[in-house]
Structures are given as C-alpha cells and as structure tokens.
Amino acid sequence: MDSLLILIPAALVLGLLALAALLWALRSGQYDDPDGAAGRILFDDDDARSK
Amino acid sequence: MTDAALFAPTVSVAAPATARTCAHCGETVRGETVRGKTAQGASEALFCCAGCATAHAIIAAAGLGAFYRQLEQIHAHRPEPLEIDFAAFARPDGQEGASLELLVDGLDCAACVWLIESLLARDPTITRARVHLSTRRLSLAWRGPLADANGHAGLVAALGFRLAPYDTIAAAVGDDRETRELLRAIAVAGFAAANVMLLSVAVWAGHDGSMGDATRTLFHWISAAIALPAVAYAGQPFFRSALAALRAGRSNMDVPISIGVTLACIVSVHEAWAGQQHAYFDSAITLLFFLLIGRYLDRRARGRARQAVHALLALSSRTATVIGADGSTVSRRIDGLVPGDLLLVAAGERLGADGIVSEGISSLDASLVSGESLPQPAHPGVKAFAGTINLGGVLRVKVTAAGENTLLSEIVRLVEAAERGRSRFVAIADRVARAYAPVVHMTALLTFLGWTLLGGLAWDRALLVATAVLIITCPCALALAVPVVQVVASTRLLRSGVLLRSPTALERLAQVDHVVFDKTGTLTLGRPELVAAPDDPEVRRVAASLALNSRHPLARALVRALPEAMPAAGVVEHPGEGLEGDGVRLGSASFCGVTDPPDDGRSELWLARPSQRPVRFAFADRLRPDATATIAALCRRGLTVEVLSGDRGAAVAEAAAAAGIAEWRSAVTPSQKAQRLATLAAEGKRVLMVGDGLNDAPALAAAHASLSPTTAAEATQCAADAVFQGDALHPVAEILDVAHRADRLVRQNLVLALLYNLSAVPLAILGDVTPLVAAVAMSSSSLLVIGNALRLGAGRPHGKRS
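Only a predicted model underlies this, so the values are computations on that prediction, with no experimental measurement involved.

**A look at the sheet that holds strand β20 (residues 572-574) of chain B**
Across a sheet, paired strands are connected by hydrogen bonds in the backbone, their directions being either parallel or antiparallel. All names here are of chain B. Ordered by their spatial adjacency, six strands build an open sheet running β19-β24-β23-β22-β21-β20, and the pairing between neighbours is antiparallel. On the outer flanks of this sheet lie β19 (524-532) and β20, each paired with one strand and no other. Ignoring which end each strand starts from, the neighbouring axes of this sheet average 20 degrees apart. In this sheet, strand β24 (residues 615-623) lies alongside strand β23 (residues 603-608) in antiparallel orientation, the contact comprising five bridges. Paired with L607 across the bridge in β24 is V615.

**Examining the nonpolar core**
Residues and elements named next belong to chain B. One finds A189, A284, I285, L288 and V485 to be the most contacted residues of the largest nonpolar core, which totals 138 residues. Not counting the four nearest positions on each side in its chain, A284 is found in contact with A227, V231, V261, A264 and C265. Formed by 46 residues, the second largest nonpolar core is a distinct cluster that contains F47, I59, V104 and L133.

**Some remarks on unusual backbone geometry**
Residues and elements named next belong to chain B. With phi around 60 degrees, D582 is a residue other than glycine that occupies positive phi space. Mapped onto the secondary structure, D582 falls in the loop between β21 (578-581) and β22 (584-587). In this structure D582 comes out as partly exposed when scored by C-beta crowding, with 13 C-beta atoms within 10 Å. Phi at A667 is positive, roughly 50 degrees, even though this residue is not glycine.

**Points about the sheet that holds strand β13 (residues 376-378) of chain B**
All names here are of chain B. Overall, antiparallel pairing links the three strands, which are arranged β13-β12-β15 in an open sheet. Edge strands, defined here as strands with exactly one partner in the open sheet, are β13 and β15 (389-390). Across three bridges, strand β12 (residues 362-365) lies against β13 in antiparallel orientation. Residue pairing in the sheet places L364 in a bridge with Q376 of β13.

**Considerations on the packing of helix α26 (residues 730-766) of chain B against helix α27 (residues 771-790) of chain B**
Describing two packed helices takes the angle between their axes plus the distance from one axis to the other. Residue and element names in this part refer to chain B. Packing of α26 against α27 brings their axes to within 9 Å, and their N-to-C directions diverge by 165 degrees. By the criterion of interaxial angle, the relationship of α26 to α27 is roughly antiparallel. As for the relative orientation of α26 and α27, their crossing is right-handed in sense. Between α26 and α27, the contacting residues are L745, Q748, N749, L752, A753, Y756 and A760 on the first element and A777, S781, L784, V785, N788 and A789 on the second. Looking at the contact of α26 with α27 residue by residue, the classes come out as nine nonpolar, four polar and no charged.

**So, the pairing of strand β11 (residues 354-359) of chain B**
All names here are of chain B. As paired strands, β11 and strand β16 (residues 395-401) are joined by five bridges and run antiparallel to one another. From the neighbouring strand, V357 faces β16, where its bridge partner is V397. When β11 meets strand β14 (residues 383-384), the two strands line up antiparallel, connected through two bridges. Residue pairing across strands places G355 opposite A384, the latter belonging to β14.

**Notes on the confidence of the model for chain B**
Residues and elements named next belong to chain B. Considering every residue of chain B, the mean pLDDT works out to 77; 80% of them sit at 70 or more. Counting interchain partners and residues more than four positions distant, the pLDDT-below-50 stretch residues 798-802 has three contacts. With pTM at 0.66, the complex prediction returns an ipTM value of 0.80.

**Notes on helix α22 (residues 649-659) of chain B**
Residues and elements named next belong to chain B. Three or more residues of α22 are buried, namely A651, V652, A655, A656 and A659. Across the axial projection of α22, the buried residues extend over an arc of 125 degrees, all falling on one side. Tucked into the core, α22 has its buried residues touching α18 (519-523), β19, β24, α21 (627-636), β25 (640-644) and β26 (663-665). Phi for G660, located one or two positions after α22, is positive at around 85 degrees.

**Topic: the environment of H552 of chain B**
Residues and elements named next belong to chain B. Counting through the fold element by element, H552 comes out in the loop between α19 (537-547) and α20 (553-561). Classification of H552 as buried rests on a count of 24 C-beta atoms within 10 Å. Taking the C-alpha atoms as reference points, H552 and G392, separated by 160 residues in sequence, lie 7.0 Å from one another. Excluding anything up to four places from it in sequence, H552 contacts S363, L391 and G392.

**Some points on helix α1 (residues 2-27) of chain A**
All names here are of chain A. Here α1 spans 38 Å end to end across 26 residues, near enough to the 38 Å set by a 1.5 Å rise per residue. Counting buried positions over the 26 residues of α1 gives zero, only a small fraction of the element. Two residues or fewer after α1 comes G29, characterised by a positive phi angle close to 80 degrees.

Cut-offs applied
Residues numbered from 1 in each chain as written. Chains lettered and ligands numbered in written order. Predicted model: local features only at pLDDT ≥ 70, side-chain atom pairs only at ≥ 80, totals over all residues. Pairing = 2+ DSSP bridges. Helix = DSSP H or I, 4+ residues; strand = E, 2+ residues; numbered from the N terminus. Axes fitted to C-alpha atoms, helices over the stretch in contact; angles between N-to-C directions. Core = buried A, V, L, I, M, F, W, Y, C linked by C-beta atoms within 7 Å. Buried ≥ 20, exposed ≤ 12 C-beta atoms within 10 Å, placed from the backbone. Contact = placed C-beta atoms within 7 Å. Parallel < 35°, antiparallel > 145°, perpendicular 65-115°, else oblique. Left-handed = near helix turned anticlockwise from the far one by under 90°. Nonpolar A, V, L, I, M, F, W, Y, C, P; charged D, E, K, R; others polar. pLDDT = per-residue confidence, 0-100. Arc of directions from axis to C-beta. Expected span 1.5 Å × (residues − 1).

Right, here's the structure in full:
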C-alpha cells in the first residue's frame, strides 16, 4: 500500500499538468478561431505577423 | 463549410478571364473602363471601376499579388466607400497606441485572412492584426492617434470588405466569454471526474473486504479534496441559474441539479467523516461533467444563431447623400434624415427613406419591398420607397417619411410583433423539465420522510437514500437528449447548405402541415432569363453588344444568355427607356416605336434597327430547377401547398401552374400576407412559410416555422428560422425530413431517459443504489442517448448534388 503514497500524487500531478495545458490554450485564444487556424498552415510566407 | 461562407454576399463564380473581365472582382467590364497594371506588372489590366483599380493597386504595391492565385474559384469583392467613423470606436491602450475590433463582412476563405493580415502587417505602426475566420472579427492595434483608425479600416475597406464596429455585436451577444467559461468548467469537471473515478473504482473493488477501513477513508478524503473545489467551480453555471429561478419564484431543471449535487457532497463528507462505506463524490462531479457538455452544445447552437442576426443588423447601418440648400452634398446617417431633405441617389444605391422623385429618370428595383419582379419606371412625381434600388441614372428624391415612418420600418415592426407571438412557443425539453422538477423533489422528500418515520432509519441514513434518489433522477440523460440531437441535425443540415437560426426551429418544422411559398426569388430564381429571341445570330449579336453597356436586369439577362458579344462603342443610355447607339435602339416597346406589344405577362426588350421591323426578346423569371419535383415531394408527405405573391396575377398563375400548385393568391401586400398566415393559424394549421422578399418578412415571422434562401434581404433572413443556399429548392424537403427524424429521435431519447429513471428510482427509494450502481446507470443512459442521436448523422444527405 506504500506505493499508493507515490502513485496517487503522481496521477494527480499528471492530470493537473494536462488541465493546466488546456486552460493555458484556452486563455491564449487557441480555441477562438478553429476555422481560421485550419487555413493558416497553407500560408507560405513567414513574415506575416501572428500574435 | 463555414458560417462565413453561408452569410457572405453573393459572389460571382469564376468565368474564364478574358479581356472583358475586371482584374480585381471578375465582373464583366462595360462602358467606360479603367486601365492599370496587373499585380504581376507585366501587361495592362482592365477594371470595372476606380474602386477595383485602387484595390488591385494596393495589393500589387504591397507585393501581395499571390492573393489572386489563392482565391481559386471566388473573386474579390467590389469595394464600397467607408460610411462609418471608426475613430469613435477605437480604444486608447493607455500608452501611445490604440486598438479596434471590427466585423469584416465578405470573408470567405483563408486567402482573405492572409490578404488582410499581410497587408496590415506591412504598416510598421500596426502592432497587431489578427483575423478570426469563425467570428469574422478583425482585431487591430497600432501606435499612433485614435484618428488612424479610419486609415487602417479604409485600407481593408478598399480591398472590398465591408466593415462594422464589433462592439455592437459583442454587447448584444456577450457570448464569447461565457462560452469560454463553460469550456473551462468542462475542463475542470473532466479532470476531477476522471481522478475521482480512479479512486472510486479502487474503493468499489475493495468492498469485499480486501481494502482496509483506513485506506477507504483516506481515499474518500482525497476524493473530497479533488471533488469539492471542482464542484464549487464547475457547478457555478447551474447554481447561478437555479438561484435566479428560485428568486423569481419559479423552478427549472437547474434547481434539482443544484440540490442533488450539493446534497450529494454534504452527505458524502458526512459519510467520510463517519468512516462509512458509501460516498457519492464521483457521482456529483460526473453528473456536472455530463450536464456541462449538454449545456455547452446547447449554447453553441444558440450563440451561432444570435451572432448571425446581430452581424446582419450591424452591417445594415448606412448613410445617404443629402443635397444642401446651397447645392453642396453631405453624407448623413439614415436615421438622421428628416422629411423635406433632398437625397441624391446614385445608380446602384439603395434608397434610405420613402420619398417622391423630384428630378431624373431611371427605373427602380422594388422586388425586396413589394415582390414585384419587374423594375418600376421612376420619373419626377413618382413615389419611391426605402429599400428600393436605383437601377439607372442619378435621381433626386425628396424625403416624405424617414426613419421610423418608412414602409421599411413598418415591415420591421410587423416582424417584431410577430416574433413576440412566436417566443411563446415552449420547447419540448422545457415542457418536460417543468413537469419533471417538482416530481423529483417530492419523490426525494417522501423517501426521506418514509425512511425516517416509517422505516425507523437514523436521519443520516435516510438522507443518504434520499440523496441517491436525487442523483439517480438527475436529468443527466434528459439534459443531453435534446442538445445532442440538435447539434447532430444542424451539422448534417449545414453539410447540405442549410443554416438553422432558431434553437426551436427543428421542433416547429416537424409539426408543419401546410406550406406557403412566395413566388419571386423563392419558387423562382428571382432573376429574368431569356426565353424567346429571334433566330438570326446577327440580330442577337447586335442586341447583346448594346446590352453590355447597361446594368438593367433585362440587359444583363440578355448578356448572360449571349456571352460572346463585344461591347458596342458610343452607346447612350436613356434611363427608364433603353439604349441607343448608331441609330440602333434596344429598349421598351414605346422607345422602339412598337405600338401594340403582345401581352403575355412576360418582360420584354425590343431591338429596332433603321429601316427594319423591331424584333422582340422575351424574358421570364424561371422556376428553380427542381421546384416541381420538390412540390410533388411535399405533396406526397401529405402537406398542402399554396403560393402567396406580391406579383401580378398572370405571372403568379403561370409559375404556380408550372410548379404544380393549385392554390395561389397574387398582388398581396406585406400586411395581407401576415393576415393570411393568421387566418391559416386560426384554422388550426401549422404553417411553414418560405419567402425571400422584405415583403415576406412579417409573414415569415408570423408563420409557425419559416425558411428563406440566402439570397434574401437581410431583414428577411433575420425573420426566418433557417436559411438555405443555392439555386435548388430541395433543401425545403430535406429540412422537413431532418426535422421529422430529429423530432422522432428527441422523443425516443426522452422516453429512454424517463424509462431509465422509472426503473432506477424504485431501487433508489429502497436504498439499493450504491455509488457504483449510480455511476454505471448514469453513464450508460447518457451514452445510450448520445448513440441514439448520432444515428441521425449517419448516411449521406439525400438529394445532394456534387
């Protein structure tokens, strides 16, 4: 049962990491324009500003 | 297919790039041309107007000629002058710069996004230029004064995109942040549900005694540490709505949800504290997770519809040119016009107010207002209505009624009145919820009282059983049943070019038993087509080369039918009469000296050449290609069909006969249309109205359900429940088909969800529902409902053409 003391926190930390990644993606606007993002990869030039 | 594509203005399809097409917008060049260099700089290019030449020059100068290659099948838009002062909408950022949010109309594809962003990025003062294709929003930030806003916006507008400040929509919809909040709540609930479930499975597996009491209690406390904060955060949408409902003295679905989840948490903490076997942390958070998904799907469907409406409204604020007493002209917003103003109406411009023509000869396209397909002659003394388009020469119009008093505003008022009536319609899910919530509360309360008073159980044991009842009856499957079907149905319809605008549209469409069609633009294509012409190819060529010099709809129809002609030189247009060049005349019967034209209800052009008899070109508004088949399909379904049109009797009779419709009414005014719909409703009929004109808008809003083609006026699209794309009429049958199937699935789902509750509730009342049983029952019923809904999406949309 000792292994639980490591495994449960480990599972929680991994889950929290994934949650944090998703929340970060949401906050940085990556879910705002799903249609546009699909087309953007087709633009050749790299100098167009993308912020 | 994107929403933007559905709402974009009609864009001409690519024609082979011959010498006569504009190098920017691809329209046929007629009369005077503007010359310039192509983007590649090699040869000379032709443009239809100075605006297109400017747009092309801007693109070429910025070295963005690749735009035209990326456009593929669609042409760029013809630019329109800027009409709004954008500086007033710009926000200073506190330092030296400012930012502005704009709605961009005419965004069709990624190429437009690329063009706008790349062009703005060349300006070193612009620090951010980002276009959102989904929401059609351009967010812009720059260093410099607020007044630069007009320059930056002007650059985009010069490319042919129509712009409107985004604020007006954002304020009205306010939806963006809420959707994001919901997504965040789903993420938190999902994370917590997965982890608590992980622990719960271990606890369930240990019920046979292999897990010690201390370990189980520890697991319960860890679950509590994860679930309680997650419930407090992710449950907010439900708690808020439940509180609001209770405060208003009502009850909604969120009340039992909130009570159930809160009670489950409290009871579980008590269980963990007492070191007991059963804790419902996993049920509480999983429940929220499922419910949030249903809520999110529902919100997305509604938000999309609402945004489309507000985008249309924001774009329709326009200005008119007013001639002052000293002869100077000023641009004024339409809502600032007063009776007595003298308006200058250029060719192609839409009238902003009702008035009387005081100078100039032209013809007016009143099809949006009256449904009449033929242009009306306009000369001094004629009444002209807001919403009509000036087709010929410049007109001066004295305003008699402006703003709220115009015929157009009258129509908008009729629409609003009718929509208020329709908002009384209650969706089936809400009806079920209203009946369901009190029953749930009573059952749980009775269970608690029964076990404490009759069963002799301690209060905390009885509360545990009552909580199980609340959890098992929580309308998890019920909450998913309707939104999932709606999402699947609208996705499927979107694939065949139909956009649902109202969340209850499908339900109302499924109840329809009578269909009313408008004629012009709905049964027919709404544009005249050449149906009879002289056989002599030389005559045809001469007529087409004259016609190339005019924008009159009949002339354009002639050119469409005879595309090979080259424009004739030295042609003079006599507005409202016809064209003349080299002694050859093309125009109305009287203009060509014909005294007794045949009256067969068709529009006509005559060609008169010196010393030869005038010959006649006849035009008719063709039926949509599959109109007859679609009407027949509707009749086979047992629906009754009729035509209601503002057009003349002969034209309506002919179209109705061709489409196979026996019942028709002609020359009907907008309010008469709405009246007719009210009469039908009084007879107990559930009417589907299909129409495209502004004159149909009140009828569309008054009908039980309504459809309009995407070519319809903006206000009309706003009044319709769904809009369909393309020249074909079969989407009408397809929408009804999908609506019927969706309705059946919704009912099946509700029955499934209720059946599950009926079978599980007795177990819960008896106290046999452990957390394990609750989790299994909840997930399986939700999956069953979702799986059932997905059946609608399976299979190809039928009747679809490649």
